[in-house]
Amino acid sequence: MRNLIRLIHMLISIITALVFAFIFGCSHHSAPNSSNIHPAHPTSEKIDSTNLDQSKNTLLIRQSERAKMPKGSTLALSNEAIKYLQNMLEAYFAIGNRLAKDKYDTIPSQSHTFLSALDQLKSVTNQEDLKIIQILEKIHQYGHQLSSSSSIQDARKHYGFLSHSLLDWLHKLALPVKVYGFVCGMAPHVPQKGVWLQSVAEVRNPYFGATMLKCYSQAFKLETSSLMTQGESNDQ
């Protein structure tokens, strides 16, 4: 009889948790909807800023910085550097796609491909530009940690730090391709609670995979001119 009561209590707890996750979980819309805002959205009263980088919304700070930059002030890369950047992004996008599919198999090899392209890009970068070199070193550090990950959970954590540092650099560039960005808002132990970048507009959350594939709290775009735009539908 006691075992039956315990089982009933466990079932009630599980059902309560599932209902809570359904009510307060991520939005499944392809674009932010003011009538159904994710609990972690900056405009929500329930926002928890304790896990943001230095307790600040650094994504919004970067947007503010971009808005103040004179037109045409983004960093233009050489044709050779652009080729290496495209190789980097292809490997990074492939890693995100595997995580969104809850697959770990090719992540170490794709991480090595990413690092190889990054090393090539660093070799044609002005070594006297210390700020850029420091950013690239940080990207390399997180990319190496991702390549050394031992599980998909570990990979998602390192992917989060890699994505955050990669965005710090990409928003300064005149990009050769359009990049779509999202913030999950619920991913633990990573900056921004889970920022990531994609080559396509369809939301595919790499932090939760199939359980919350369309989860996001904020959307933005990096145009080919590297103009960061927030809150658009990104389904053009």
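Another aspect to go through is the packing of aromatic side chains. The tally for this structure, following the rule as stated, stands at seven aromatic pairs. An aromatic cluster of at least three residues, connected via ring pairs, comprises Y92, F93, Y159, F182, W196, Y207 and Y216.

What follows concerns helix α3 (residues 79-100). The α-helix winds at 3.6 residues per turn, so residues separated by three or four positions along the chain end up facing the same way. Between its first and last C-alpha, α3 extends 31 Å over 22 residues, near the 32 Å set by a 1.5 Å rise per residue. When we look at burial in α3, the residues that qualify are A81, Y84, L85, M88, L89, A91, Y92, F93, I95, G96, L99 and A100.

Taken over all residues, the pLDDT of the chain has a mean of 75, while the share at 70 or more is 64%. Taken together, the stretch residues 17-25 has pLDDT below 50 and engages in six contacts with residues farther than four places along the chain or on a different chain. Low pLDDT, under 50, characterises residues 27-58; the stretch is placed with 63 contacts to residues that sit more than four places away or in other chains.

Below, the discussion takes up the nonpolar core. Proteins that are soluble and globular tend to have nonpolar side chains buried together. Counting residues in each nonpolar core, the largest one holds 52 residues, and the members touching the most others are F114, L166, W169 and L170. For this core, the secondary structure elements donating two or more residues are α3, α4 (107-123), α5 (130-147), α6 (152-170), β1 (179-183), β2 (195-198) and β3 (218-222). Ranked by residue count, the leading element in this core is α3, at ten residues. When residues no more than four places from it in sequence are discounted, the contact partners of F114 are M88, A91, Y92, I139, L162 and L166.

Let's shift gears to α4. Taking 1.5 Å as the rise per residue, α4 with 17 residues should run 24 Å; its terminal C-alpha atoms sit 24 Å apart, in good agreement. Among the residues making up α4, those that are buried are I107, S111, F114, L115, A117, L118, L121 and K122. Across the axial projection of α4, the buried residues extend over an arc of 165°, all falling on one side. Contact partners of the buried residues in α4: α3, α5 and α6.

Looking at the element boundaries, S149 is found in the loop between α5 and α6. Sequence-distant contacts of S149, defined by excluding residues within four places in its chain, comprise Y104, D154, A155 and H158.

Next up on the list: the state of the cysteines. Scanning the model with the defined rule gives zero disulfides in all. A disulfide-free cysteine, C184 has its sulfur positioned 3.4 Å from the sulfur of C215, the nearest such atom. Classification of C184 as buried rests on a relative accessible area of 0%.

Moving on: the pattern of salt bridges. One pass over the structure, following the stated rule, counts five salt bridges. Across the salt bridge formed by K214 and E202, the nearest N and O atoms sit 3.0 Å from each other. Here E202 lies in the loop between β2 and β3 and K214 lies in the loop between β2 and β3, a separation of twelve residues in the sequence. Look at E202 and you get partly exposed, because its relative accessible area is 46%.

Turning our attention to the pairing of β3. Most of β3 is tucked away, with five of its five residues classed as buried. Side chains Q218, F220 and L222 of β3 all project onto a buried face; the interleaved residues A219 and K221 project onto the opposite face, where all are buried too. Examined bridge by bridge, β1 and β3 share five bridges and lie antiparallel to one another. Paired with V183 across the bridge in β3 is Q218.

Two measures define how a pair of helices packs: the angle their axes make with one another and the distance between the axes. Two elements in contact, α3 and α6, have axes whose closest approach is 11 Å; the angle formed by their N-to-C orientations is 145°. In the packing of α3 onto α6, the handedness of the crossing is left-handed. Where α3 approaches α6, its residues L85, M88, L89, Y92, I95, G96 and L99 are matched on the opposing element by I152, A155, R156, Y159, L162, S163, L166, W169 and L170. In the contact of α3 with α6, the residues fall into 13 nonpolar, two polar and one charged.

The rules we used
- Residues numbered from 1 in each chain as written.
- Predicted model: local features only at pLDDT ≥ 70, side-chain atom pairs only at ≥ 80, totals over all residues.
- Heavy atoms only, no water.
- Phe/Tyr/Trp six-rings, centres within 6.5 Å; stacked < 30°, edge-to-face > 60°.
- Helix = DSSP H or I, 4+ residues; strand = E, 2+ residues; numbered from the N terminus.
- Expected span 1.5 Å × (residues − 1).
- Buried < 20%, exposed > 50% of the residue type's maximum accessible area, 1.4 Å probe, protein only.
- pLDDT = per-residue confidence, 0-100.
- Contact = heavy atoms within 4.5 Å.
- Core = buried A, V, L, I, M, F, W, Y, C linked by side-chain atoms within 4.5 Å.
- Arc of directions from axis to C-beta.
- Disulfide = S-S within 2.5 Å.
- Salt bridge = Lys/Arg side-chain N within 4 Å of Asp/Glu carboxyl O.
- Pairing = 2+ DSSP bridges.
- Axes fitted to C-alpha atoms, helices over the stretch in contact; angles between N-to-C directions.
- Left-handed = near helix turned anticlockwise from the far one by under 90°.
- Nonpolar A, V, L, I, M, F, W, Y, C, P; charged D, E, K, R; others polar.

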